[in-house]
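Now for the letters of each chain:
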Amino acid sequence: TSSSLFAQKMIGNETQEQKQKRMEWWTQDRFGMFIHWGLYAQPARHEWVKSVEGLSNEQYQKYFDQFNPDLFEPKKWAKQAKAAGMKYAVLTTKHHEGFCLFDTRFTDYKANNTQAKRDLVKEYVDAFRAEGIKVGFYYSLLDWHHPDYTMDENHPLTKKDKSDAAYATLNKGRDMAKYRAYMRNQITELLTKYGKIDILWLDFSFPKPNGRGKGKDDWGSVELLKLIRKLQPGIIVDNRLDLGEYKDGADFETPEQVSTAELAKYKGKTWETCQTFSGSWGYHRDENSWKSHKQLLDLLITSVSNGGNLILNVGPTARGEFDRRATNALDSLSQWMHANDKSIYNCTYAPDGYATPENSKLTYNPKTKRLYVHLFEYPSNGKLTLSGYNGKVKYAQFLNDSSELIYKQAGSNDLTVTLPARKPDFSIPVIELILQ
Ligand code: JFZ
């Protein structure tokens, strides 16, 4: 890659070792909760509704006027996240619609001026911190409400007329320099008024050769990242700023809604896949494509088995709670995690020389030298072959109850594990192999 041929430009002078140390908790914790919450929870048909339907600020105003999250109790959110085994959280402090869940001096378009009448980000921070969950902020680079934000292919006002003339008319009086200052001001508020912030998730860049995208020059990305590093030296920042030759200044890659098969490509990088329960990030009432319990587990296990993180999204309702479908999904994860989370935390891909048995996925804890075999299909003949494992295993047990599993040598190199006829009561049982 180009980064091995040419030195990439750095922001600050952190060594690789220092960077690894800064990110240690994140690479060990593996599992986080994304929360997309904003005015778009009311139309409840995707957080991009303003853009997709080309709605003006005036047409969107009713959602600001009606916003009244009477069931918002972030302590409940935090307890649900914790029970599901999520160790960090990232909340949309502002999404593309431009509405701010936090108190800010730089716009009136904020929760304090709705019927909520308060800073909702503050309550989120306090509640999650109290549960011992690391606290992250998502902040949208796009802003479909700000008067200085110029037209681009995603802007709601360009949906009806895409001509150069329409762009020119709509851009009159808009000034991205002022919008850049607005972002810096708001990010400064977010990173100075709420104590230590663990993650900043900036979203997103879409540079286009036709000038109808936005990227580093629009955001002032390099300067912005310098400011962020100055305000919160320990913070972890995603890679969606379009940093150009400074791209190593970002901390992790963000494969979005990719399949489990595609995650193998990220092995060896520092990454987090972000995934929804149902397709939309914001609360979507009529969506019918909810992932099954097993699909969600597969995403988590496959992420760890390729050395990455999973951040799983909940879109709370406009009243401020996780709906029944989300709650059920989290509950089912919490049951599995309660018994099996040792195969997730502090784990990564298996070392070389350990073949993946049929219909399974491996994770490995390098500190405890334990290898975890996740049984996606329970062997119907009660036998699991571990090819090439002979001489490498000291003890074998199910992870969920520490019940011994008997194994014996097969051929010169292999081991055969005998499994009980009755599958443990988990969609994906886990075998724990204590290595020599
Ligand atoms: C985004 C947002 O637009 C979306 O609403 C959500 O917040 C998600 C987490 O991030 O969308 C993107 C950003 C980048 C790409 C795709 C969707 N991309 O580069 O393919």
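Residue positions within a chain follow its written sequence, with the count starting from 1. Only residues with pLDDT of at least 70 are given local features in this predicted model, and only at 80 or more are side-chain atom pairs given and counted; all residues enter the totals for whole chains, interfaces and linings.

- An unreviewed UniProt entry lists the protein under the name alpha-L-fucosidase, with Pedobacter lusitanus as the source organism.
- UniProt positions are given in the numbering used here, feature names are shortened, and annotations may be inferred rather than shown by experiment. Quoted verbatim from the Function (unreviewed entry) heading of the UniProt record, the comment on the protein is "Alpha-L-fucosidase is responsible for hydrolyzing the alpha-1,6-linked fucose joined to the reducing-end N-acetylglucosamine of the carbohydrate moieties of glycoproteins."
- Checking UniProt for the protein, the heading Sequence similarities (unreviewed entry) contains the comment "Belongs to the glycosyl hydrolase 29 family."

### Focus: the overall build of the protein
- Numbering of helices and strands runs from the N terminus; a helix is a DSSP stretch of H or I covering at least four residues, while a strand is a stretch of E covering at least two. Tallying secondary structure elements over the protein gives 14 helices and 14 strands in all.
- Expected size for 436 residues packed as a compact globule is a radius of gyration near 22 Å; at 24 Å, the protein falls within 12% of this value.
- Projected onto its principal axes, the C-alpha positions of the protein cover 80 × 50 × 40 Å.
- Put plainly, a residue is buried at 20 or more neighbouring C-beta atoms within 10 Å of its own, exposed at 12 or fewer, and partly exposed in between, counting only other residues' C-beta atoms, which are placed from the backbone. The buried share of the protein, reckoned over its 436 residues, is 41%. The reference for a compact globule is 2.2 Å times residues^0.38; the radius of gyration itself is calculated from the C-alpha atoms.

### Thoughts on the sheet that holds strand β10 (residues 383-386)
- Strand pairing requires that DSSP identify at least two bridges connecting the strands. Taken together, 3 strands build an open sheet; the order of strands is β10-β13-β12 and the sheet is antiparallel. The open sheet terminates on both sides in strands that have one partner only, identified here as β10 and β12 (407-410). Strand-to-strand twist of the sheet, defined as the mean angle between neighbouring strand axes without regard to direction, takes the value 30°.
- Sheet topology note: the β10/strand β13 (residues 414-418) ladder contains 4 bridges and is antiparallel. Note that in β13 the partner of Leu384 across the bridge is Val417. Only C-alpha atoms enter the line fits that serve as axes; for helices the fit covers just the stretch in contact. Angles between N-to-C directions range over 0 to 180 degrees.

### Details of the site of the ligand
- Every residue near the ligand is listed here: Glu47, Trp48, Asp203, Phe204, Glu256, Cys274 and Trp281.
- Per-class residue counts for the shell around the ligand are 4 nonpolar, no polar and 3 charged. For each residue, a C-beta position is placed from the backbone atoms; the residue is near a molecule or strand when that point lies within 6 Å of it. Classification used: nonpolar for Ala, Val, Leu, Ile, Met, Phe, Trp, Tyr, Cys and Pro, charged for Asp, Glu, Lys and Arg, polar for all others including Gly.

### So, the confidence of the model for the protein
- Scored between 0 and 100, pLDDT is the confidence that the predictor attaches to each residue. Per-residue pLDDT for the protein has a mean of 97; in total, 98% of the residues score no lower than 70.
- Think of it this way: build a C-beta for each residue from its backbone, and any pair within 7 Å is a contact. Scored below 50 in pLDDT, residues 1-5 shows 2 contacts in the model against residues more than four places distant or in partner chains.
- Per the prediction output, this complex has pTM 0.97; the corresponding ipTM is 0.95.

### Observations concerning the environment of Arg229
- Examined against the element boundaries, Arg229 turns out to sit in helix α11 (residues 221-231).
- For Arg229, a count of 16 C-beta atoms within 10 Å puts it in the partly exposed group.
- Separated by 146 residues in sequence, Arg229 and Ala83 place their C-alpha atoms 32 Å apart.
- Filtering out sequence-adjacent residues up to four positions away, Arg229 remains in contact with Ile11 and Gly12.

### Observations concerning the nonpolar core
- Take the buried Ala, Val, Leu, Ile, Met, Phe, Trp, Tyr and Cys residues, join any whose C-beta atoms are within 7 Å, and the set you get is a nonpolar core. With 106 residues, the main nonpolar core has Met33, Ala89, Val90, Leu91, Phe137, Leu200 and Ile431 as its most contacted residues.
- With sequence-adjacent residues up to four places away left out, Met33 is seen in contact with Ala81, Met86, Ala89, Ile311, Leu312 and Val314.

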